[in-house]
Amino acid sequence: MHAFNYHRPSNVNDAAALAAKSADSKLLAGGQSLVQAMKLRLAAPTDIVDLGMVKDLAGIKSDGKTVTIGAMTRHAEVTGSAEVKKAIPALAVLAGMIGDRQVRNMGTLGGSLANSDPAADYPAAVLGLGATITTTKGTHAADKFFKGLYETALRPGEIITSVSFPIPKRAGYMKFKNQASRFAIVGVFVADMGNGVRVAVTGAGPCVLRLAEMEKALGAKFAPESVAGLKVKSDGLNSDLHASAEYRAHLITVMAKRAVEAAMK
Amino acid sequence: MAVKVSMKVNGKPVSADVEARTLLVTFIREHLRLTGTHVGCDTAQCGACTVHMNGKAVKSCSMLAMQAEGADILTIEGLAKADGTLHPMQAAFKEHHGLQCGFCTPGMVMNAVDFAARHPNASEQEVREALDGNLCRCTGYHNIVKSIVAGSKAMAGAK
Ligand SMILES: Cc1cc2nc3c(=O)[nH]c(=O)nc-3n(C[C@H](O)[C@H](O)[C@H](O)COP(=O)(O)OP(=O)(O)OC[C@H]3O[C@@H](n4cnc5c(N)ncnc54)[C@H](O)[C@@H]3O)c2cc1C
Ligand code: FES
Ligand code: FES
């Protein structure tokens, strides 16, 4: 790992000021992606701004309409939260599927979204529920946040502070995981919002994406058979040593059907 | 950049001036000379480096020592009693042959102790799932799972 200057601000304004100071600075949350990237020298920031001691960035609140989760909330806290389990059980299930216990004890919601790994789980819930991402510079709608492979709408030095998830009528998440890494080969989040259905797919494209055709079919009738026959085109989907684009296309239909089944339970 | 880091390790306050890029596992092994915590993969996969931070299992190869500032760290050396009496989970690993070469064992035991404290009546299936982040190249896992099921019961009984 290359050497860097280490900063440990105690509030979010100081963190933002420190992050803005140097063009090659990086925010550090759980470190589960960033520390490994630095060890491999895929990332070599001059400055690390550690969010670990920043006040008021972690925590879960629910007001009956939305569940708001602080950026520094660990995956283990979300999966274990009674409030999340009650309001959006699919979100608690999803957080419990991320990596392994040790990773879930450190990894954070904000880190996962900022990283926008093409196979990450949280982006599926954020896009699937149409969540709002609050940052030090304003808010981002989920539909405009994920821009591409490891690319988001965040500007340099912009810090995610929390994410507000609208509470759906019902929702389900299913992932076909890579047995070695636990990341999604394909993961599908289905949400019946009461006034429409949203379907978000992770693992299949450069970043999380929505499937209009499935949303329409499920809007007409929210049942597994509405999507079971829908074939997804493999054009533009990821193809790697784990799965071909055609296999991923096939998996999207299978996972979508199972996610609907999970949502109806 | 040299920085000062302070934490409690196995109940004792420790502090040192380290390079900011020092990993927690490096601090534990090379600065404190507590070599029971192992480095298997160095890439967050194998769990041999698992320690507890404030009672929760974490991979010490995947975080900076600075991220443990002020924390309570427990390593495998801190589990047994001062008189050498093994922790119930360690005793269960011994009894049920939960190790062969022993390389993965410190991480397995540390993860198991945290898991068992939170899930006192875990099923064999739940134990297997809890081992997602720990790899063993010798045992085939079966005796590790048996050890953890037995160790969990012993821990619940010892309360
Ligand atoms: C073995 C292993 C298995 C894993 N399996 C999965 C899996 O199955 N599914 C999955 O989704 N993920 C998985 N992950 C990734 C894990 O969820 C990470 O924790 C997550 O991607 C990054 O979160 P972090 O808090 O560790 O962020 P860090 O690694 O600290 O940071 C990641 C990036 O986000 C930026 N950042 C962090 N916080 C903020 C913020 N508040 N605002 C703006 N930018 C910020 C950082 O600057 C950095 O660029 C796995 C990781 C490991 C090591
Ligand atoms: S050495 Fe840390 S997970 Fe393998
Ligand atoms: S006992 Fe040898 S690696 Fe597990």
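The number of helices and strands found in chain A is eleven helices and 14 strands. A globule of 265 residues ought to have a C-alpha radius of gyration of about 18 Å, and chain A, at 18 Å, matches this closely. Counting across all 265 residues of chain A, residues that qualify as buried make up 55%. Within chain A, counting contacts between residues at least 6 apart in sequence, those at least 24 apart form 58% of the total. Positive and negative charge centroids in chain A, built from 32 and 22 side chains respectively, lie 3 Å apart.

Another aspect to go through is unusual backbone geometry. All names here are of chain B. Positive phi, normally seen in glycine, also occurs at N10, with a value near 50°. Inspection of the secondary structure puts N10 in the loop between strand 1 (2–9) and strand 2 (12–19). Positive phi outside glycine occurs at Y141, with the angle close to 75°. Position of Y141 relative to the elements: it lies in the loop between helix 4 (124–130) and helix 5 (142–158). On the basis of relative accessibility, which here comes to 26%, the residue Y141 falls in the partly exposed class.

A common way to state how big an interface is: give the accessible area lost once the parts meet. Residue and element names in this part refer to chain B. As far as domains go, chain B holds domain 1 (2–78) and domain 2 (88–157). Domain 1 and domain 2 are separated by 21 Å when their C-alpha centres are compared. Each partner contributes to the interface: domain 1 provides 17 residues, whereas domain 2 provides 14 residues. Between domain 1 and domain 2, a total of about 1,200 Å² is buried, with carbon and sulfur atoms accounting for 62% of that surface. Three residues stand out in domain 1 for area buried against domain 2, namely H38, H52 and I76, and they jointly supply 37% of the buried area on that side.

Okay, the pairing of strand 10 (residues 160–166) of chain A next. Residues and elements named next belong to chain A. Within strand 10, six of the seven residues are buried, which leaves it mostly tucked inside the rest of the structure. In terms of strand pairing, strand 5 (residues 66–70) meets strand 10 through five bridges, oriented antiparallel. Paired with I69 across the strands is V163, a residue of strand 10. Summarising the sheet, strand 6 (residues 132–135) and strand 10 pair through four bridges and their orientation is antiparallel. Bridged to T134 within strand 10 is S162.

All names here are of chain A. Strand direction decides the pairing type here: strand 6 and strand 7 (residues 138–141), joined by four bridges, are antiparallel. By the bridge assignment for strand 7, T135 is matched with G138. Hairpin connection from strand 6 to strand 7: two residues lie between these consecutive antiparallel strands.

So, about the packing of aromatic side chains. Residue and element names in this part refer to chain A. Under the defined criterion, the tally for this structure stands at three aromatic pairs over all chains. Where Y173 meets F189, the ring centres are 6.1 Å apart and the plane angle is 35°; that geometry is what we call tilted. Residue Y173 is located in strand 11 (residues 170–177), and its partner F189 is located in strand 12 (residues 184–192); the two are separated by 16 residues in the primary sequence. Each ring, one from F176 and one from Y247, has its centre 6.2 Å from the other, and the planes form 85°; the classification is edge-to-face. Taken together, the positions of F176 in strand 11 and Y247 in helix 11 (residues 245–264) put the pair 71 residues apart, joining distant regions of the chain. Given a relative accessible area of 35%, Y247 falls into the partly exposed group.

Another aspect to go through is the site of ligand 1. Around ligand 1, the structure places 32 residues, and the nearest of them are L27, G31, L34, T108 and D121 of chain A. Chains contributing residues near ligand 1 are chains A and B. Measuring from an oxygen atom of ligand 1, one finds a backbone N or O atom of G30 of chain A at 2.9 Å. In the environment of ligand 1, an oxygen atom lies 2.7 Å from a nitrogen or oxygen atom belonging to the backbone of G31 of chain A. Here ligand 1 loses 95% of its free accessible area of 970 Å² to cover by the protein chains. Elements with a contribution of two residues or more to the shell around ligand 1: strand 2 (25–28) and helix 7 (109–115) of chain A. No other element matches the five residues that helix 7 of chain A contributes to the shell around ligand 1. Each residue belonging to the shell around ligand 1 can be placed in one class, and the counts come to 14 nonpolar, 13 polar and five charged. Two domains share the shell around ligand 1, each providing at least three of its residues, namely domain 1 (5–50) and domain 2 (60–264) of chain A.

Glancing now at the pattern of salt bridges. Residue and element names in this part refer to chain A. Per the counting criterion, the structure on display carries 18 salt bridges over all chains. D192 is the salt-bridge partner of R170, the closest N and O atoms lying 3.0 Å from each other. Here D192 lies in strand 12 and R170 lies in strand 11, a separation of 22 residues in the sequence. Taking relative accessible area as the criterion, D192 reaches 6% and is therefore assigned buried. When salt bridges that share partners are traced, they join D143, R198, R210 and E215 into one network.

Taken together, the contact pairs 32 residues of chain B with 27 residues of chain A. For the chain B and chain A pair, buried surface summed over both sides reaches about 2,400 Å², with 54% attributable to carbon and sulfur atoms. Linking chain B with chain A are five salt bridges. Here R101 of chain A and D114 of chain B are joined by a salt bridge, their closest N and O atoms 3.1 Å apart. When contributions to the side of chain B that touches chain A are tallied by element, the ones reaching two or more residues are strand 3 (50–53), strand 4 (56–59) and helix 3 (105–118) of chain B. Its residues placed into classes, the side of chain B that touches chain A shows 14 nonpolar, nine polar and nine charged.

Criteria and cut-off values
Residues numbered from 1 in each chain as written. Chains lettered and ligands numbered in written order. Predicted model: local features only at pLDDT ≥ 70, side-chain atom pairs only at ≥ 80, totals over all residues. Heavy atoms only, no water. Helix = DSSP H or I, 4+ residues; strand = E, 2+ residues; numbered from the N terminus. Rg over C-alpha atoms; globule rule 2.2 N^0.38 Å. Buried < 20%, exposed > 50% of the residue type's maximum accessible area, 1.4 Å probe, protein only. Contact = heavy atoms within 4.5 Å. Lys, Arg positive; Asp, Glu negative; His and termini not counted. Charge placed at Lys NZ, Arg CZ, Asp CG, Glu CD. Domains from an automatic or database assignment. Buried area = accessible area lost by both parts, 1.4 Å probe. Pairing = 2+ DSSP bridges. Phe/Tyr/Trp six-rings, centres within 6.5 Å; stacked < 30°, edge-to-face > 60°. Near = heavy atom within 4 Å. Polar contact = N/O pair within 3.5 Å; in protein donor to acceptor, adjacent residues only side chain to side chain. Areas by Shrake-Rupley, 256 points an atom, 1.4 Å probe, with all protein chains shown as cover. Nonpolar A, V, L, I, M, F, W, Y, C, P; charged D, E, K, R; others polar. Salt bridge = Lys/Arg side-chain N within 4 Å of Asp/Glu carboxyl O.

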